[in-house]
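Residues per chain are reported as follows:
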Amino acid sequence: MEQLKEGLVRNEFSSIPYSWIHHEKLNKSIYIMLPGLGYTTQRPLFHYTTGMCLNNNIDILHVNYQFAKNKHFTSVSQEDQERWMYEDVHLLSKKS
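Rules used in this analysis
- Residues numbered from 1 in each chain as written.
- Predicted model: local features only at pLDDT ≥ 70, side-chain atom pairs only at ≥ 80, totals over all residues.
- Heavy atoms only, no water.
- Helix = DSSP H or I, 4+ residues; strand = E, 2+ residues; numbered from the N terminus.
- Buried < 20%, exposed > 50% of the residue type's maximum accessible area, 1.4 Å probe, protein only.
- Contact = heavy atoms within 4.5 Å.
- Areas by Shrake-Rupley, 256 points an atom, 1.4 Å probe, with all protein chains shown as cover.
- Lys, Arg positive; Asp, Glu negative; His and termini not counted.
- Charge placed at Lys NZ, Arg CZ, Asp CG, Glu CD.
- pLDDT = per-residue confidence, 0-100.
- Pairing = 2+ DSSP bridges.
- Expected span 1.5 Å × (residues − 1).
- Core = buried A, V, L, I, M, F, W, Y, C linked by side-chain atoms within 4.5 Å.

A. Seen up close, the overall build of the protein. Looking only at helices and strands, the protein has three helices and four strands in total. Of the regular secondary structure in the protein, the N- to C-terminal order runs β-β-β-α-β-α-α. Overall, the C-alpha framework of the protein stretches about 45 × 25 × 15 Å when taken along its three principal axes. A total of 96 residues make up the protein; the buried ones form 30% of that total. Within the protein, contacts between residues separated by at least 24 positions form 54% of all contacts whose residues are at least 6 apart in sequence. Within the structure as shown, the protein displays about 6,900 Å² of accessible surface, and the carbon and sulfur contribution to it stands at 55%. The protein carries 10 positive and 10 negative side-chain charges, and their two centres are separated by 4 Å.

Take a look at the structure:
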């Protein structure tokens, strides 16, 4: 099994780190984990689910959004935060 850690950068204030955990053999199954605003892929629910996927030969993509830790994100209005998240998710979907 291998783990690749990368990230996408939209601008100087916004990046999306992610980890792709995959088996050595080609796999046709992938589980994409998208945590909520205040939750991470390192928390118990995702940790448990990651283990289940690995035990069942399923590759995993952990998307590690950092919105809650980003002082630029938290300083803008809710409308701007929603736009920011949309633009980040849109960038990530183009990469996939």
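B. The confidence of the model for the protein, seen in detail. In the predicted model, the protein carries a mean pLDDT of 85, and 97% of its residues have values of at least 70. Within the protein, the element-level pLDDT minimum falls on strand β1 (residues 2-11), averaging 78, and the maximum on helix α2 (residues 71-74), averaging 92.

C. How the structure looks around the pairing of strand β4 (residues 59-63). With five of five residues buried, β4 is to be regarded as a mostly interior element. Burial of the side chains of β4 extends over both faces: Asp 59, Leu 61 and Val 63 are buried on one face and Ile 60 and His 62 on the other. Of the pairings in the sheet, the one linking strand β2 (residues 14-22) to β4 comprises four bridges and is antiparallel in character. By the bridge assignment, Tyr 18 is partnered in β4 with Val 63.

D. Structural context of helix α1 (residues 44-55). A rise of 1.5 Å per residue sets the reference length of α1, with its twelve residues, at 16 Å; its end C-alpha atoms lie 17 Å apart and thus fit the reference within 8%. At its buried positions, α1 is contacted by β2, β3 (30-33) and β4. Remark: Asn 57 follows α1 within two positions and exhibits a positive phi of approximately 60 degrees.

E. Spotlight on the pairing of β2. Relative to β2, β1 runs antiparallel, the two being bridged by nine bridges. Note that in β2 the partner of Glu 2 across the bridge is His 22. What sits between β1 and β2 in their antiparallel hairpin is a turn of two residues.

F. Local environment of the nonpolar core. Membership of the largest hydrophobic core is limited to ten residues, which are Leu 8, Ile 16, Tyr 18, Leu 61, Val 63, Tyr 65, Phe 67, Phe 73, Trp 84 and Leu 92. Elements that contribute at least two residues to this core include exactly β2, β4 and α3 (78-95). Counting five residues, the second-largest nonpolar core is a separate cluster that includes Ile 21, Met 33, Cys 53 and Ile 60.

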